[in-house]
Amino acid sequence: LGDELHWVEERAAERLEDETSLAKEAAARCDATVELLRHEHAQEAHEQTVALQQGTRLAREEVGEAQVSAASAQVEISKLRSLLDAQEAALTVHSGERAAEAARLKSE
């Protein structure tokens, strides 16, 4: 009976050792999986950050282009206003000349 008990104890110790080894291997696999997921998440976050930075840069470029375009439009508007003012002034002078001519013709 003592030998059988000793044999059972040895088998239980071996089984405990095997189970412990399997548990350690499973824990190591879990740790490796967690590290892999952490790395993948970090890579994905980095890629999203890069994409957002590129989008921001493009948006800033578009804003800059829009500002240049708006400034050019303002210059054109100023030129057209000056031209319109000059035409109105010329029309006023021409109208005055015609009125003077009409008055001269009436007085004759």
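Notes on the structure follow.

Cut-offs used in this document
Residues numbered from 1 in each chain as written. Predicted model: local features only at pLDDT ≥ 70, side-chain atom pairs only at ≥ 80, totals over all residues. Heavy atoms only, no water. Helix = DSSP H or I, 4+ residues; strand = E, 2+ residues; numbered from the N terminus. Rg over C-alpha atoms; globule rule 2.2 N^0.38 Å. Areas by Shrake-Rupley, 256 points an atom, 1.4 Å probe, with all protein chains shown as cover. Lys, Arg positive; Asp, Glu negative; His and termini not counted. Charge placed at Lys NZ, Arg CZ, Asp CG, Glu CD. Buried < 20%, exposed > 50% of the residue type's maximum accessible area, 1.4 Å probe, protein only. Salt bridge = Lys/Arg side-chain N within 4 Å of Asp/Glu carboxyl O.

Side note on the overall build of the chain
Across its full length, the chain carries one helix and zero strands. For 108 residues, the compact-globule estimate of 2.2 N^0.38 gives 13 Å, and the C-alpha radius of gyration of the chain, at 46 Å, exceeds that figure by more than 25%. Expressed along its principal axes, the backbone C-alpha trace of the chain runs to roughly 155 × 15 × 5 Å. Accessible area for the chain stands at about 9,800 Å²; split by element, carbon and sulfur atoms hold 59% of it. In the chain, the 12 positive side-chain charges and the 23 negative ones have mean positions that sit 17 Å from each other.

Side note on the environment of Glu65
With respect to the helices, strands and loops of the structure, Glu65 is situated in helix H1 (residues 2–107). In this structure Glu65 comes out as exposed when scored by relative accessible area, which is 55%. Residues Glu65 and Val93, spaced 28 residues apart in sequence, show a C-alpha to C-alpha distance of 42 Å.

Brief notes about the pattern of salt bridges
Scanning the model with the defined rule gives six salt bridges in all. For Glu61, the salt bridge is made with Arg57, and the minimal N-O distance between the two is 3.1 Å. One end of the pair, Glu61, and the other, Arg57, are both in helix H1, four residues apart, so they sit about a helical turn from each other. For Arg57, a relative accessible area of 43% gives the class partly exposed. One salt bridge in this structure joins Lys79 and Glu76, with 3.7 Å as the shortest N-O distance. Here Glu76 and Lys79 lie together in helix H1, a separation of three residues that amounts to about one turn.

Examining the environment of Gly55
As for its placement among the helices and strands, Gly55 is situated in helix H1. Residue class for Gly55 comes out partly exposed when judged on its relative accessible area of 37%. The spacing of Gly55 and Asp18 is 37 residues in sequence and 55 Å in space, taken between C-alpha atoms.

A word on the environment of Ala51
Positionally, Ala51 belongs in helix H1. Ala51 gets classed as partly exposed once you look at its relative accessible area, which sits at 44%. For the pair Ala51 and Gly2, spaced 49 residues apart in the sequence, the C-alpha separation amounts to 73 Å.

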